[in-house]
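Here are the chains, one letter per residue:
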Amino acid sequence: MAWSLSFVLIAACALLASGVSAAPSKAATKPRSQELRDAIEEYRVRFDELHKEKDQFLQFARTGLWATVRAMNEEVLQDMGETRNIVEYGFDDVRLDISLLIVEGNHNEQCLLDLVYEIVEEKVQLGQEISRCADDTTDAKDSLPESFYEFLNLLQRLSNSIAETTLYTFVSQNSVNDPERHLEFLEEAFEETDRAWNEEALPLVQFELDAMEYNRPLIVADNAQCLQAINDRQQAFEDSIRERIPSCL
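Computed from a predicted model, the values in this text were never measured in an experiment. (Residues numbered from 1 in each chain as written. Predicted model: local features only at pLDDT ≥ 70, side-chain atom pairs only at ≥ 80, totals over all residues. Heavy atoms only, no water.)

Attention now moves to the overall build of the protein chain. Along the backbone of the protein chain there are six helices and zero strands. The order of helices and strands in the protein chain, counted from the N terminus, is α-α-α-α-α-α. Counting across all 249 residues of the protein chain, residues that qualify as buried make up 33%. Taking as baseline every contact in the protein chain between residues at least 6 positions apart, the subset at least 24 positions apart corresponds to 89%. Accessible area of the protein chain: about 14800 Å², with a carbon and sulfur share of 55%. (Helix = DSSP H or I, 4+ residues; strand = E, 2+ residues; numbered from the N terminus. Buried < 20%, exposed > 50% of the residue type's maximum accessible area, 1.4 Å probe, protein only. Contact = heavy atoms within 4.5 Å. Areas by Shrake-Rupley, 256 points an atom, 1.4 Å probe, with all protein chains shown as cover.)

What follows is the structure, encoded as structure tokens:
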């Protein structure tokens, strides 16, 4: 590998510069140096596998987050669609009744037309109420996963850095003069990285996923309650129009 070759070249230069004779130095240090290089290479593989493992978990977290948001959107949109249909078509029957009375000519036409104008105005106001419910629900839906997305992006950057840990430590650690310390550092870094993910990061991710699942039905219920008030208002207004039709005789 590229960095392994660089390590060999750097080590060779260091030996020459120190004035150590070639023959005894080779015999004395080569087995130990090879052993250390093999051990460091083993940690490079272990860090790379740890990175892949955490990437898989982050993908699982994103999938869970996406599934929760999608389910919430579908439930909200279904309720929105039902209320929208009630507002759009709920007055059709009473408007048809008024139209038939106008055609018969036995009622005050202007009075009946005024009722139709009131229906049109009420539909506009009900539409505005639907928009208000949608805005409030959208704010709640968007704010819920926003911090979670930021947290996952942070963890993704940390996960990516895991795979580069061994390479970076060739810069931060004096591997040529003290490869034992370099290896010790990698051991400590691996243990701490694995511990931090298992004991800190993963529980936080699971907590966020649980919080999403807990809040999803609450947001859907709040939206449904907002829309139910519109449905009730539509029905009450339609009833009031029917009660006032006889006054147009």
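That covers the picture; the talk isn't over yet.
So, about the nonpolar core. In terms of nonpolar packing, the biggest core is built from 51 residues, with I98, F148 and V205 touching the most fellow members. For this core, the secondary-structure elements that each account for two or more residues are α2 (22-89), α3 (92-104), α4 (109-163) and α6 (179-244). Sorting elements by how many residues they give to this core places α6 first, with 17 residues. Among all residues touching F148, those that are not within four sequence positions of it are L65, V205, E208, L209 and M212. (Core = buried A, V, L, I, M, F, W, Y, C linked by side-chain atoms within 4.5 Å.)

With that settled, the discussion passes to the pattern of salt bridges. One pass over the full model with this rule turns up 15 salt bridges. Put simply, E74 and R70 hold a salt bridge, and the shortest N to O gap is 3.1 Å. Taken together, the residues span about one helical turn, with E74 and R70 both in helix α2 at a distance of four residues. Looking at R70, the relative accessible area reads 44%, which means it is partly exposed. Residue R132 pairs with E129 through a salt bridge whose shortest N-O separation is 3.1 Å. Separated by three residues within a single helix, R132 and E129 lie in helix α4, roughly one turn from each other. Overall, the relative accessible area of 40% leaves R132 in the partly exposed class. Residue classification places E129 among the partly exposed positions, given a relative accessible area of 24%. (Salt bridge = Lys/Arg side-chain N within 4 Å of Asp/Glu carboxyl O.)

A few words on a negative patch on the surface. A surface patch of negative charge is lined by D135, D139, D142, E146 and E150. Locating D139 in the fold gives a position in helix α4. A relative accessible area of 53% means that D139 is categorised as exposed. (Patch = residues over 30% accessible without salt bridge, like charges linked within 9 Å, V, L, I, M, F, W, Y side chains within 5 Å. Lys, Arg positive; Asp, Glu negative; His and termini not counted. Charge placed at Lys NZ, Arg CZ, Asp CG, Glu CD.)

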